[in-house]
Amino acid sequence: MTYDLIIIGGGPAGSSAAVYAARKRLQTLFITAEWGGQSVVSEKIYNWIGTTSLSGNELAENFKKQVLANSGAGQTLKVKESQKVTSLTKKDEVFEIKTELGEEFLTKTVLIASGSGHRKLEAKNADKLEHKGLTYCASCDGPLFSGMDVVVIGGGNAGFEAAAQLLAYCKSVTLLHRSDTFRADEITVEKVLKNPKMKAIKNVDILEVKGEKFVEGIVYKDKNTGKITELKVSGIFVEVGQIPNTSFAKDIVPLDEIGRIKIDAWTQKTETKGIWAAGDCTNVLYHQNNIAAGDAVRALENIYLYIHTK
Ligand SMILES: Cc1cc2nc3c(=O)[nH]c(=O)nc-3n(C[C@H](O)[C@H](O)[C@H](O)COP(=O)(O)OP(=O)(O)OC[C@H]3O[C@@H](n4cnc5c(N)ncnc54)[C@H](O)[C@@H]3O)c2cc1C
């Protein structure tokens, strides 16, 4: 069969689109590697509209429940969980999508909502010591560093959130940031920096991760003075930004210089007819759950119009 629409991704963008697509009775296939998206690792999310606070896991569970409630017998929405899309190509007048399990699907339109993943730390030995004291998930690995000195690299929301979590069990947390100003919300910065176990150092270049079998320290350079310092730490938590999950689409939709899908902000259309994109995989300025969900709804409205006026 040829679907009206295939949605790729089960974060806030893809899940919102799936609910709208089901209610509009589009013949839709929803494919996701995982539920919930990036903030699934958050202990608490305070700005998801309609809830005072909830954990990332609860957010993921809610998405799953709502999408599945709109799927199943007699409904137009079909769901494929735990599957990664590996290719998206054009075949005659339709699109062909392949997954890592070797399944193939045809569709008239596509909504890419595949979000983004962690950018890796570029420093000597960072690769070698990944999962050996250097990690990209404070909420997953933080408790392993109980009573130890650790650093967080990155001064955005994710960095400060990681620091806030680590302060609960680590002996000390030092946040290293590459520029003069933090990118995180002021309220979060203030709250985290008030903790006596917390320290932040700005304007640094990370040079090297020290350690043989396990992290023993980190070496950084002060950008203003050129002074090189080695900090003895047991854990390094990296939060230096995100990389869009768009490799499967790179040959069919134009991407910007950092791999984000270029969209028209009025409609979420990409430059390829029949393909839309929404959320963190696109070249929008702000990355938030509510924004991703709203962008996807905008896309869905436009896809519906396209299908019914074609
Ligand atoms: C630590 C952290 C904390 C955050 N806290 C907040 C917060 O408190 N409030 C807030 O508003 N925002 C927060 N954000 C930002 C927010 O999480 C993102 O803006 C939002 O998740 C983007 O949603 P998305 O649906 O576009 O993409 P994502 O959330 O990245 O979801 C992408 C989805 O696509 C799936 N996927 C990826 N590639 C494929 C593929 N090839 N095939 C199939 N499926 C695929 C993934 O499994 C995932 O389900 C936080 C981000 C981080 C990293």
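Just so we're clear, the structure is a prediction, and the values are computed from it rather than from any experiment. (Residues numbered from 1 in each chain as written. Predicted model: local features only at pLDDT ≥ 70, side-chain atom pairs only at ≥ 80, totals over all residues. Heavy atoms only, no water.)

Asks: Describe the packing of aromatic side chains, with residues and values.
Replies: If you walk through the whole model with that rule in mind, you get five aromatic pairs. A cation sits over an aromatic face here: Lys 24 above Tyr 304, 4.7 Å from the ring centre. (Phe/Tyr/Trp six-rings, centres within 6.5 Å; stacked < 30°, edge-to-face > 60°. Lys NZ or Arg CZ within 6 Å of the ring centre and 35° of its normal.)

Asks: Tell me about a nonpolar patch on the surface, and please be specific about residues and values.
Replies: Where nonpolar side chains cluster on the molecular surface, the patch consists of Leu 285, Tyr 286 and Ile 291 and spans about 350 Å² of accessible area. Taking the relative accessible area as the measure of exposure, Ile 291 reaches 32% and is therefore partly exposed. (Patch = residues over 30% accessible without salt bridge, like charges linked within 9 Å, V, L, I, M, F, W, Y side chains within 5 Å. Areas by Shrake-Rupley, 256 points an atom, 1.4 Å probe, with all protein chains shown as cover. Salt bridge = Lys/Arg side-chain N within 4 Å of Asp/Glu carboxyl O. Buried < 20%, exposed > 50% of the residue type's maximum accessible area, 1.4 Å probe, protein only.)

Asks: Can you break down the site of the ligand residue by residue, with the values?
Replies: As a structural note, the neighbourhood of the ligand is formed by 33 residues, with Glu 34, Gln 38, Val 85, Asp 280 and Asn 289 the closest of them. Contact distances for the ligand include 3.3 Å between an oxygen atom and a side-chain N or O atom of Thr 32. Here Glu 161 contributes a side-chain N or O atom positioned 3.5 Å from a nitrogen atom of the ligand. Within the complex, the protein chains bury 92% of what would otherwise be the 990 Å² of accessible surface of the ligand. Broken down by element, the shell around the ligand gets its largest block of residues, four residues, from strand S2 (residues 28-35). By residue class, the composition of the shell around the ligand is 11 nonpolar, 18 polar and four charged. (Near = heavy atom within 4 Å. Polar contact = N/O pair within 3.5 Å; in protein donor to acceptor, adjacent residues only side chain to side chain. Helix = DSSP H or I, 4+ residues; strand = E, 2+ residues; numbered from the N terminus. Nonpolar A, V, L, I, M, F, W, Y, C, P; charged D, E, K, R; others polar.)

Asks: Describe the pattern of salt bridges, and please don't skip the residues or the numbers.
Replies: Opposite charge on two side chains lets them pair, provided their charged atoms get close. This model, assessed by the stated rule, comprises 13 salt bridges. With a shortest N-O distance of 3.6 Å, Lys 64 and Glu 81 are connected by a salt bridge. Placement of Lys 64 in helix H2 (residues 56-69) and of Glu 81 in the loop between strand S3 (77-80) and strand S4 (85-91) is noted, with a sequence separation of 17 residues between them. Put simply, Lys 91 and Glu 96 hold a salt bridge, and the shortest N to O gap is 3.7 Å.

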